[in-house]
Amino acid sequence: MLRELADQDSAEKAKDIDLTVGYQGEPGAYGEVAAAAHGGIPKGFASFEKLLEALRDGEIDEAVLPMENAVVGAITEALEPFANFVVEGMELAAVGLTSVPVRLSLAARPGTPLGAVKRAWSHPAALRQCTHRLAQMGIERVVCYDTAGAAQIVAHDASTDAAVCSRRAAERYGLEVLVDDVSDKEQNGTRFVHLRMADHARAQVSLAFLRTSSMTATARLDVLTGATLLPLAGTTDYPVRMWVLGADAARLQALAPARDVQVVSLGQPAAHAAKVTPPKQGTEPVVKSLPHATARKAPTVVEVGPLRVGGGARAVIAGPCSVESPEQVMRIAREVASCGATALRGGIFKPRTNPYAFQGHGLEALDWLVAAGKANGLPVVTEVMAVDQVKPVAEKAEILQIGARNMQNFDLLRAVGRAGRPVLLKRGAGATVDEWLGAAEYVMAGGEARVILCERGIRTFETATRNTLDVGGMLAARPLTHLPIIADPSHAAGRADLVEGLARAAWSAGADGLIVEVHDDPARALSDGEQALIPARFAELARNLALHPDARLPLAQLRAWVDAIDHDLGVLVQRRLEVAKVIGDSKRQTGRAVLDPRREAAVRRTYQEALPGNKLLADKLVDLLLEAAKAQQSIDEP
Ligand code: PEP
Ligand code: MN
């Protein structure tokens, strides 16, 4: 059945019967169809990385990867990990291509009317194929890891959400197909490449990729070689620009300006003869359990000592940009702890734009940071910038930070995922929300479920601020993930004068917490002094956010806080009376009774709810307020 679904474009597949062929996704995914196309036994994997690792480790004989889709072109989600493995030295050969016709249905739980569907879940590549049709129907797109996985999520959820998936996946998870094909293009299809380890296979397909940091160098190669080029983002650090299908690698190499472009071909016949390891008998397709930053589940609450973040609990992490000396971090730790901070931050390895700027005091400073944290009862958060820093830092620091610049350092993400510590993952200054969640997925796939996302400003055209705090992006991420999301107003602003405003904006927008840079001598700070709050201003911010009072606060500060609350209460009571008077006047003008016992009961309930466990006080306050309101409304007690 699966075999019939796929259209094979090379002739001699049937003889590879009973190979185990891996694909990314859940049973019912299009990859499963491609995996079964040549007679293989399909086996699903959580991610493309896991799939390629299984191929490398001999756990499967062959892997299928989607390369190209008729609507959206290159499938970068698959090609980039593929490129990574090849760049890292994995020797692969492309042994076949399979085109799988794609019909993306919109499916929901049985009985859901189409009009009730407001959101549709699917893999980002599938959602991109339906952008216009879904927009026309007013359906919002929600990203998850796989088309069949989307069907599974919707099936387990009691909402009217839909999945964009194959009819097979819909049926497999008991969903009803509402629209048979929601692709923007009628003849949709995805081309999968079949890969084997080079020493087991003779390459049959001409497939190459170009490593280059020069876009212009590759721009005309498609015309020159007649190849299909699949463009990838490519950066100087990650110099894979293009995949090339159907090209003669030798010709490509000859035409490419050798200085800029390196052609790596997976299409040359392998040196060794085709010797395929026999499949294990009776292998059933198995799907490993998946972590899923984007799965639908109850909010993840990360808890480390006094720090609680997520599911309504809010974190306030504060401290210096860099740990400068044992005394500096101890002084600042004491200040932020007394204001109600629940964790201490401080950099020991600093990512600096200028290589001659202060780079951090390294592991020595970790001891200073940890001592300051311990003395003040706070767990510490510090950034790791390289894989070899993870182990020594994780031995002592309670939380590991991945900085914005390293958000897509996949090796580092995997390494912190294995370190056994919660991870604070900053959003890259140029990363989309999807990419940010993808990075979280890497950490989770490494084994760490306690990931805290942090919006820290993105790079825009604006130069008045260091970055632009993307509150919209933070809000857009909220329904997509169960992970806590905090905000960093300091790196977003780059200026101390804007930090409080941005902090309050993020807090009001429902951020699960803040991370704020505080320094007691900003002018002499070794890094980011211009954006540091002095302790007094941090104290004011903490008070404005109504963080929990703490007995460690100096008495004068607690008194000032209470005074401020009393003032606010007085102002609010005055406003309440004014509004009540307007209501009374309006009722009188329209001939309605001014007194309404049901309203009084409702007001009483409001106060009782706001003062749990203090009914007596609530009742007294209501009595007082109603009495004052009636006086304002010129009503005499009956
Ligand atoms: C930091 O927190 O000190 C830092 C360098 O942040 P970011 O990675 O967000 O720039
Ligand atoms: Mn900083």
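Look above for the structure.
Residues numbered from 1 in each chain as written. Chains lettered and ligands numbered in written order. Predicted model: local features only at pLDDT ≥ 70, side-chain atom pairs only at ≥ 80, totals over all residues. Heavy atoms only, no water.

Draft legend 1. Highlighting the packing of helix 21 (residues 555-589) against helix 23 (residues 615-632). Two elements in contact, helix 21 and helix 23, have axes separated by 9 Å at closest approach and are oriented at 45 degrees. Taken together, helix 21 and helix 23 sit at an angle that is classed as oblique. Note that helix 21 runs across helix 23; the crossing there is right-handed. Contact with helix 21, carried on its side by Val 573, Arg 576, Leu 577, Ala 580 and Lys 581, involves Leu 625, Ala 628, Ala 629 and Gln 632 of helix 23 and no other residues of that element. Taken together, the residues of the contact of helix 21 with helix 23 sort by class into six nonpolar, one polar and two charged. (Axes fitted to C-alpha atoms, helices over the stretch in contact; angles between N-to-C directions. Helix = DSSP H or I, 4+ residues; strand = E, 2+ residues; numbered from the N terminus. Parallel < 35°, antiparallel > 145°, perpendicular 65-115°, else oblique. Left-handed = near helix turned anticlockwise from the far one by under 90°. Contact = heavy atoms within 4.5 Å. Nonpolar A, V, L, I, M, F, W, Y, C, P; charged D, E, K, R; others polar.)

Draft legend 2. Quick peek at the coordination of the manganese ion (ligand 2). Protein-derived ligands of the manganese ion (ligand 2) are Cys 321 (SG), His 491 (NE2), Glu 517 (OE) and Asp 528 (OD), with the metal-ligand distances lying across 2.0 to 2.4 Å. As a motif over one chain, the donors of the manganese ion (ligand 2) read C-x169-H-x25-E-x10-D. Here the residue His 491 occupies a position in helix 18 (residues 489-493), and Glu 517 occupies one in strand 26 (residues 513-517), the gap between them amounting to 26 residues. Each of the two residues, His 491 as well as Glu 517, counts as buried. (Donors = N, O, S within 2.8 Å, 3.2 Å for Na, K, Ca; no water. Buried < 20%, exposed > 50% of the residue type's maximum accessible area, 1.4 Å probe, protein only.)

Draft legend 3. Broad picture of empty space enclosed by the protein. A full pass over the atoms with the stated rule returns three cavities of 30 Å³ or more. The volume enclosed by the largest cavity comes to roughly 280 Å³. Around the largest cavity sit 20 residues that line it, and Tyr 30, Pro 66, His 123, Thr 147 and Phe 192 are the ones nearest its centre. When contributions to the lining of the largest cavity are tallied by element, the ones reaching two or more residues are strand 2 (20-24), helix 2 (30-36), strand 4 (62-69), helix 5 (124-128) and strand 12 (189-197). A per-element tally of the lining of the largest cavity places strand 4 first, with three residues. (1 Å grid on protein atoms, 1.4 Å probe; cavity = no way out; pocket = protein on both sides within 12 Å on 5 of 7 lines; lining within 4 Å. Points joined across faces, edges and corners; volume = space filled by probe spheres on them.)

Draft legend 4. The arrangement of the site of ligand 1 in detail. With respect to spatial proximity, 13 residues lie near ligand 1, and among them Arg 345, Lys 350, Ala 404, Lys 426 and Arg 456 are the closest. Contact distances for ligand 1 include 2.8 Å between an oxygen atom and a side-chain N or O atom of Arg 345. Contact between ligand 1 and His 491: an oxygen atom at 3.3 Å from a side-chain N or O atom of the residue. Burial of ligand 1 by the protein chains amounts to 98% of its free accessible area of 290 Å². Looking at the shell around ligand 1, its residues break down into three nonpolar, three polar and seven charged. (Near = heavy atom within 4 Å. Polar contact = N/O pair within 3.5 Å; in protein donor to acceptor, adjacent residues only side chain to side chain. Areas by Shrake-Rupley, 256 points an atom, 1.4 Å probe, with all protein chains shown as cover.)

Draft legend 5. Here's a closer look at the packing of helix 12 (residues 326-338) against helix 13 (residues 363-375). In the contact formed by helix 12 and helix 13, the axes pass within 9 Å of each other and the chain directions differ by 30 degrees. By the angle between their directions, the pair helix 12 and helix 13 is classed as roughly parallel. At the point where helix 12 passes helix 13, the crossing takes the right-handed sense. Residues Pro 326, Val 329, Met 330 and Ala 333 of helix 12 form the contact with helix 13, whose own contacting residues are Trp 368, Leu 369, Ala 371, Ala 372 and Ala 375. In terms of residue class, the contact of helix 12 with helix 13 is made up of nine nonpolar, no polar and no charged.

Draft legend 6. Region of interest: the pattern of salt bridges. Enumeration over the complete set of coordinates arrives at 33 salt bridges. In this structure, Lys 630 and Glu 600 form a salt bridge, with 3.5 Å as the shortest nitrogen-oxygen distance. Residue Lys 630 is located in helix 23, and its partner Glu 600 is located in helix 22 (residues 597-610); the two are separated by 30 residues in the primary sequence. For Lys 630, a relative accessible area of 14% translates into the label buried. In this structure, a network of salt bridges that share partners links the residues Arg 103, Arg 167, Glu 171, Asp 180 and Asp 181. (Salt bridge = Lys/Arg side-chain N within 4 Å of Asp/Glu carboxyl O.)

Draft legend 7. Seen up close, the layout of surface pockets. Of the pockets and cavities examined, the second largest pocket occupies roughly 350 Å³. In terms of lining residues, the second largest pocket is bounded by 15 residues, among which Arg 576, Ala 580, Arg 599, Leu 626 and Gln 633 are the most central. Where the lining of the second largest pocket is concerned, the elements lending two or more residues are helix 21, helix 22 and helix 23. No other element matches helix 21, which puts five residues into the lining of the second largest pocket.

Draft legend 8. Region of interest: the packing of aromatic side chains. Evaluation of the coordinates by the stated rule reveals one aromatic pair. Over the face of the ring belonging to Trp 507 we find Arg 314, whose NZ or CZ atom lies 4.1 Å from the ring centre. (Phe/Tyr/Trp six-rings, centres within 6.5 Å; stacked < 30°, edge-to-face > 60°. Lys NZ or Arg CZ within 6 Å of the ring centre and 35° of its normal.)

Draft legend 9. Just helix 12, in detail. Compared with the 18 Å implied by 1.5 Å per residue over 13 residues, the 19 Å span of helix 12 between its first and last C-alpha is a close match. Those residues of helix 12 that sit buried are Gln 328, Val 329, Ile 332, Ala 333, Val 336, Ala 337 and Ser 338. Structurally, helix 12 contributes buried residues whose contacts are with strand 19 (315-319), strand 20 (343-345), helix 13 and helix 20 (535-544). Residue Gly 340 follows helix 12 closely and has a positive phi angle near 105 degrees. (Expected span 1.5 Å × (residues − 1).)

Draft legend 10. Inspection of the sheet that holds strand 8 (residues 119-122) at higher detail. Taking strand neighbours across the sheet as the criterion, the five strands line up as 9-8-10-7-11 in an open arrangement whose pairing is mixed. Edge positions in the sheet fall to strand 9 (140-143) and strand 11 (176-179), since each has one partner strand and no second. Across this sheet, the average inter-strand angle for adjacent strands is 40 degrees, counted without regard to direction. In this sheet, strand 10 (residues 162-165) lies alongside strand 7 (residues 105-108) in antiparallel orientation, the contact comprising four bridges. Looking across to strand 10, one finds that Leu 106 is bridged to Val 164. (Pairing = 2+ DSSP bridges.)

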